[in-house]
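# Report on the structure
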Amino acid sequence: MSRRGRYVLILLVGAIVLLSVLGWLVSLRTDYLWYDSVGYTSVFSTMMWTRLAMFGAFTLAMAAWCGLNLYLAYRFRPDTWPATSEQEGLERYRELISPRAGWWIGGVAIVVGVFAGMSAQSRWETWLLFREGGRFDWTDPVLGMNAGFYVFRLPFWQFLIGFGFAAIVVGLLASLSAYYLYGALRFSGQGDRMTNVARIHLSVLVALFLGLKAVAYYFDRFDFTTQENQVTDIVGGGYTEMTALMNAKNALIWVSVIAAVVILVFSWGFTRSLALPAAALGLVVVTAIAAGGIYPAVVRNFQVEPNRPQREGEYAQHTMDGTRYAYGMEELETTTYSVASQPNAETMSADQSTVPFVRLIDPFVVSDAFTQAQQPRSFYDFNEKLDIDRYTYTDENGQEVTQDFVVGLRELNPSQLTDEQQDWTVAHTVYTHGWGFVSASTTESDNGAPCFTSGVLSDDPGNCQIGNDIIDVEKPQIYYGLLNNEYAIVGVPGDETPREYDRPTDVAVVDEDSEEDPAEEIGDDRYTTYEGDGGVDIGSIGNRLLYAWEFQEPRFLLSSQINEESQLLYNRNIRERVQMVAPFLTVEADPYPAVVDGEIVWIVDGYTTTNEFPYSDRVNLADATNDTYSGQGVANQASEEVNYIRSSVKAVVNAYDGSVKLYEFDEEDPILQAWNEIYGGDLVIPKEETPESLVAHFRYPQDLFKIQRSLLQRYHVDESRTFIEGGEAWATTNDPSQAQSVTQPAYYVYATYPEQDQPYFQLTSTFTPRNRENALASLMSGYYDEDGNPRLTVYDVVGGDDQSVRQIHQIITSTSEVVTTLRDATQAGTTVEWGNLLALPVGDGILYLEPMYLRRQAGGQGEDLPRLTNVAISYGGYVGFAPTFEEAVAMVVEKYLSGAPSEAEQTEGEEGEEGTTESPSETPTTEAPTTEAPPATDPPEVEAAIDNVIAAQDAYEQAQASGTNEEEGRALDDLLAALDQLAAAREAAGQ
């Protein structure tokens, strides 16, 4: 290459390096400005300084070590080297290196050190937890170590051991290379193949490696408490690990130490034969294979497997206890809920603790209704799944009433802006925010549409009986939410006209804007100016230049819309915002909005997690939290395994100014305590300082509940033998409203469960016995009591009414009234959507409720609003299906009082043949459940007609899942015909 070419290459490389470094520095500065805007610079500075310190320390350590080994090899190189072809080939490299040996040694050492430092700085969190971590209220029952050792100490010790191995390997490679280059080590020729100095140096390094291996074997013993037991398929060392493998590790410690001593003896020249060190290394390998592999396999296969409950029972009990502690279930309450074979249906009419609050409106189904009914401009949108929250208000009689509502925020959705509105200036300085907190009753509907109670922005506010504007909002503007993560440039001088689009003025407004808002009405639209301080100041030319570089957008420098009052709002997704100010938290997948003291805020549950807790089973966050809502308005959790989780923080993000506050919720969580100390001791606000108005909106966290639900499928039992045998294992219920197989979501209800003295806003779900999905095993409830403490209860269902929600859905959809409605809907070109099927304990029975929505297909114009047209309930086997909940209840009561056979009794023969409705085997012996199939006494004609109905129903369900409208209609006609044939056959048989 010519001299000019070399200069050009050097300039190009230099320019690339300079731009890379400059880009990194710009990102560093803009990150600091963002953290400063939210008041969490301690998070940024702690992270950066710790990473820099670890980078420097481990870079220096590795560079010094590598340089030392290279220097020793160079310093003690032979004065001459054999005249062999091998050495002659290395001569040119010696001539290149020797004149500048110090520079070469330093350069290689620095490069190796930088790579080591880059790797080490990524473990900054491990170091900080090692430094600040405390103790748990849990001790490993086998090795006697506090759980804090496993969570805070052991990971860093293992990192140091790994770094030590890497350093020794680097030392060996560097020394071998230098000795070989200068002839102290050779592979051909006469005489000794290695000089005395090289033998001593390399032998010491190998001995160090073996000594460190002995230390590693010592710490490996603690890994048994967090590794998976192959016999019981749970986490925590079992009989094999704690006997055979533990003994193997102890033996390997001594063998490694002996081998290290032998090699050191060899290094000092007592013998020059390689047989002794080779034998020492061979002894380590043979011991590892025999004691660490063969012996444990023999113990597992011949002692443990034939006697699993006896051998593994003690260790399984450790995992059962540890798992309950690690997932916040150590105070799990288990009680029996006895259900009558034929509960008194009149109880529903008299109940005042649950029935008056029964939720009819499904927050997942009605999102489109919210959007279309409350969308005066096309760029307004609601999240695909809305939320449920409760509020206390004064009714028309002057009484305080607490009720749950479907709530959502009318956010600005950038994807819905037109091409003209997508212009950079318009999109980022005009369309900056959404408007309004919108709520609707969960117990009433407005002719099938949501019954809006606040935040109405529409020409037609509806005819809600509850009344509008019961939730007062002072600042309805929504700058931070879930749908809009584009940056916005806000702020104008006081004498200029506001330019941020706020809302239309040509529609009725329920929530009036504050008179203090700087706003101006232009035509049919209202414009406003952001008054918060949650953005980054970009009034200076320096900051504008930084963000022009960071966002690769020159209009930050050229736009006349940016002035001395301008702020840049970015990172506006609230989950991302919380994650950045508290990087140690796992953030709830489904944040929810609330109005607290007149301000709209987002409440986000923050979890502290680890995968290092001893004797606690692991779950995959993505798998455990996946249900119908996942990916449809609810974020998917990362596919990450954990074996400890605490709902430690309630993060609150203001929807207007973006401020983030972290409120302590679990005062005893050592992980949160450690991180709080790491970040200066004031990162989280103490629990006792949490405002009562905010506490009133806290709810049992969904992701934690789902994880606990997943674990309780196995961990609801108390005896280790029962646990290992798995005969009483449960399964979570699949969502009967969905065609695909997906877990039914847990649902919030405002209800009174057994042994509760008042209604609570609680999260509930159901279990079925494993492999018997038509039977109901138990109910599960999580809530906060009057003192704000989390309570988790499992109700084992015993008695007669033990059908699962899947079975109830099948019974409901098989009744003649529902079948007729489905046929009419299909013929009318409408789509049927079933809401979430609730199972609520009422009286001495279980009230099942499932709302039916209809969507009319509008022939190329999209789909119409979902309308609540009917409510289906089941109680004691009787099905009520009517336009209103009250009418459905009256229908069930009438059937009960008349003594008519229930729908469950009419279909029990059909289901009994499949053997799917037996009561759970784990329940105590009680009266025989009514869903047990009686002996077949039907005439052959009736049995044949029943078979036809079952086949027709299966075909109809398949058509619903994957068929066209025509196929669904034909299948429905076949089902109706089969039902008519069954009725005729029974009439002919005198039944």
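Residues numbered from 1 in each chain as written. Predicted model: local features only at pLDDT ≥ 70, side-chain atom pairs only at ≥ 80, totals over all residues. Heavy atoms only, no water.

### A closer look at the overall build of the chain
Check the secondary structure of the chain and you find 27 helices and 36 strands. Taken over 991 residues, the chain has a buried fraction of 55%. In the chain, once contacts between residues fewer than 6 apart in sequence are set aside, the share between residues at least 24 apart is 70%. A total of about 42,400 Å² of accessible surface is found on the chain, and carbon and sulfur atoms cover 52% of it. (Helix = DSSP H or I, 4+ residues; strand = E, 2+ residues; numbered from the N terminus. Buried < 20%, exposed > 50% of the residue type's maximum accessible area, 1.4 Å probe, protein only. Contact = heavy atoms within 4.5 Å. Areas by Shrake-Rupley, 256 points an atom, 1.4 Å probe, with all protein chains shown as cover.)

### Quick notes on unusual backbone geometry
With the exception of glycine, the majority of residues adopt a negative phi angle, and the majority of peptide bonds are in the trans configuration. A positive phi angle, close to 55 degrees, is found at D597, a residue other than glycine. One can find D597 in the loop between β21 (592–596) and β22 (599–610). Although it is not a glycine, Y615 adopts a positive phi angle of roughly 50 degrees.

### Here we look at the sheet that holds strand β5 (residues 387–394)
On the basis of which strands lie adjacent, the open sheet formed by 4 strands has the order β5-β6-β9-β10 and antiparallel pairing. Of all strands in the sheet, those with a lone pairing partner are β5 and β10 (449–454), marking the two edges. Across the sheet, the mean angle from the axis of one strand to that of its neighbour is 50 degrees, orientation sign disregarded. Pairing of strand β9 (residues 437–446) with β10, which is carried by 4 bridges, proceeds in the antiparallel orientation. (Pairing = 2+ DSSP bridges. Axes fitted to C-alpha atoms, helices over the stretch in contact; angles between N-to-C directions.)

### Some details on a nonpolar patch on the surface
Nonpolar side chains collect at one region of the surface, where L9, V13, V17, V21, W24 and L25 lie side by side and expose about 540 Å² of accessible area between them. For V17, the position within the fold is in helix α1 (residues 3–38). (Patch = residues over 30% accessible without salt bridge, like charges linked within 9 Å, V, L, I, M, F, W, Y side chains within 5 Å. Salt bridge = Lys/Arg side-chain N within 4 Å of Asp/Glu carboxyl O.)

### Focus: the pattern of salt bridges
Scanning the entire structure with this criterion turns up 22 salt bridges. With a closest N to O distance of 2.4 Å, K650 and D605 form a salt bridge. Here D605 lies in strand β22 and K650 lies in strand β25 (residues 644–654), a separation of 45 residues in the sequence. Across the pair, exposure class does not vary: K650 and D605 are buried alike. Of the charged contacts, one joins E833 and R855 as a salt bridge, the two residues approaching to 2.3 Å between their closest N and O atoms. With E833 in strand β32 (residues 830–834) and R855 in strand β34 (residues 845–856), this pair connects stretches of sequence that are 22 residues apart. Judged by its relative accessible area of 24%, E833 is partly exposed.

### A short note on the nonpolar core
Counting 209 residues, the largest nonpolar core has F556, I873 and F885 as its most contacted members. Sequence-distant contacts of F885, defined by excluding residues within four places in its chain, comprise V355, V358, L360, L847, L849, V871 and I873. The next biggest cluster of nonpolar side chains, apart from the first, holds 29 residues, and it includes F149, I161, A184 and L212. (Core = buried A, V, L, I, M, F, W, Y, C linked by side-chain atoms within 4.5 Å.)

### Some remarks on empty space enclosed by the protein
Taking a probe equal in size to a water molecule and rolling it over the atoms shows the remaining empty space. Under the defined criterion, the tally for this structure stands at 7 cavities of 30 Å³ or more. Estimated volume of the largest cavity: approximately 90 Å³. For the lining of the largest cavity, the elements supplying multiple residues, two or more each, are β5 and β28 (747–751). Residues belonging to the lining of the largest cavity are distributed by class as follows: 6 nonpolar, 2 polar and 4 charged. (1 Å grid on protein atoms, 1.4 Å probe; cavity = no way out; pocket = protein on both sides within 12 Å on 5 of 7 lines; lining within 4 Å. Points joined across faces, edges and corners; volume = space filled by probe spheres on them. Nonpolar A, V, L, I, M, F, W, Y, C, P; charged D, E, K, R; others polar.)

### A short note on the environment of T371
Within the fold, T371 resides in helix α12 (residues 367–373). Given the relative accessible area of 9%, T371 is considered buried. Linking T371 and D381, residues 10 residues apart in sequence, is a C-alpha distance of 5.6 Å. Beyond its immediate sequence surroundings of up to four residues, T371 is in contact with Y380, D381 and F382. Only 3.3 Å separates the side chain of T371 from the side chain of D381, close enough to count as a polar contact. (Polar contact = N/O pair within 3.5 Å; in protein donor to acceptor, adjacent residues only side chain to side chain.)

### Brief notes about the side chain of T609
Along the chain, T609 falls in strand β22. In this structure T609 comes out as buried when scored by relative accessible area, which is 18%. Those residues in contact with T609 that lie beyond four places of it in its chain are T586, E640, V642, Y644, I645 and I671.

### A short note on the pairing of β28
In terms of residue burial, β28 counts as a mostly covered element, since 5 of its 5 residues are buried. Along β28, one buried face is formed by Y747, V749 and A751 and the opposite face, lined by Y748 and Y750, is buried too.

### Things to note about helix α20 (residues 702–715)
What sets the pattern is the α-helix's 3.6 residues per turn: residues three or four places apart point alike. Under the 1.5 Å per step criterion, the end-to-end length of α20 is 19 Å for 14 residues, consistent within 8% with the ideal 20 Å. Along α20, 12 of the 14 residues are buried, which leaves the element largely enclosed by surrounding structure. By the burial criterion, the buried members of α20 are Q702, D703, L704, F705, K706, I707, Q708, R709, L711, L712, Q713 and Y715. (Expected span 1.5 Å × (residues − 1).)

### As for the packing of aromatic side chains
Enumeration over the complete set of coordinates arrives at 62 aromatic pairs. Between F584 and W675, the aromatic rings sit 5.3 Å apart at their centres with planes inclined by 10 degrees, giving stacked as the arrangement. With F584 in the loop between α16 (574–581) and β20 (586–587) and W675 in helix α18 (residues 670–678), the pair connects residues that are 91 residues apart, well separated along the chain. Residue class for F584 comes out buried when judged on its relative accessible area of 9%. Residue W675 is classed as buried on the basis of its relative accessible area of 3%. Taken together, F58, W127, F130, F149, Y150, F156, W157, F159, F163, Y218, F219 and F222 form an aromatic cluster joined through their ring pairs. Between K650 and the ring centre of F698, over which it is positioned, the NZ or CZ distance is 5.3 Å. In this structure, R699 packs its charged tip against the face of Y592, placed 3.8 Å from the ring centre. (Phe/Tyr/Trp six-rings, centres within 6.5 Å; stacked < 30°, edge-to-face > 60°. Lys NZ or Arg CZ within 6 Å of the ring centre and 35° of its normal.)

### Looking at the sheet that holds strand β17 (residues 525–528)
Sheets are built from strands paired through backbone hydrogen bonds, the pairs being either parallel or antiparallel. Overall, antiparallel pairing links the 3 strands, which are arranged β14-β17-β16 in an open sheet. Two strands lie at the open edges of the sheet, namely β14 (500–504) and β16 (519–522), each paired on one side alone. Each strand axis lies, on average, 30 degrees off the axis of its neighbour in the sheet, ignoring direction. In this structure, β14 lies alongside β17, joined through 4 bridges in antiparallel fashion. In the strand pairing of β17, Y501 is matched with Y527.

### Quick look at the confidence of the model for the chain
Taken residue by residue, the chain gives an average pLDDT of 86. The fraction at 70 or more is 89%. The low-confidence segment residues 911–936 (pLDDT under 50) makes 53 contacts with residues lying over four places distant or belonging to another chain. (pLDDT = per-residue confidence, 0-100.)

### Quick notes on helix α4 (residues 101–121)
Here α4 spans 30 Å end to end across 21 residues, near enough to the 30 Å set by a 1.5 Å rise per residue. The set of residues buried in α4 consists of A101, I105, A109, G113, A116, G117, A120 and Q121. Each buried residue of α4 sits inside an arc of 130 degrees when the element is viewed along its axis, so together they form one side. Turned more than 90 degrees away from the buried face of α4 sit W103, I110 and F115, all of them exposed. (Arc of directions from axis to C-beta.)

### Looking at the packing of α1 against helix α2 (residues 41–75)
Packing of α1 against α2 leaves a shortest axis separation of 7 Å and a crossing angle of 145 degrees. On α2, the residues that touch W24, L28, D31, Y32, Y35 and D36 of α1 are T41, V43, F44 and M48. Broken down by class, the residue content of the contact of α1 with α2 amounts to 7 nonpolar, 1 polar and 2 charged.

### A few points about the environment of I161
Among the structural elements, I161 can be located in helix α6 (residues 147–181). By relative accessible area, I161 is classed as buried at 11%. I161 sits 58 residues away from F219 along the chain, and the two C-alpha atoms are 9.4 Å apart.

### Brief notes about the side chain of S367
Mapping S367 onto the fold places it in helix α12. Under the relative-accessibility criterion, S367 is labelled buried at 4%. Aside from chain neighbours lying at most four places away, what touches S367 is F382, N383, E384, K385 and L386.

### Observations concerning the pairing of β34
Both faces of the sheet carry side chains from a regular strand, because those side chains alternate between them. Across the 12 residues that make up β34, a large majority, 11, are buried. In this sheet, β34 lies alongside β32 in antiparallel orientation, the contact comprising 5 bridges. The residue of β34 that forms the bridge with E833 is Y853. Sheet analysis places strand β33 (residues 838–842) next to β34, joined by 5 bridges and oriented antiparallel. Each bridged residue has a counterpart across the sheet, and for P841 the counterpart in β34 is I846. The turn linking β33 back onto β34 is made up of 2 residues, and G843 within it adopts a positive phi angle of 60 degrees. Across 7 bridges, the pairing between β34 and strand β35 (residues 867–875) is antiparallel.

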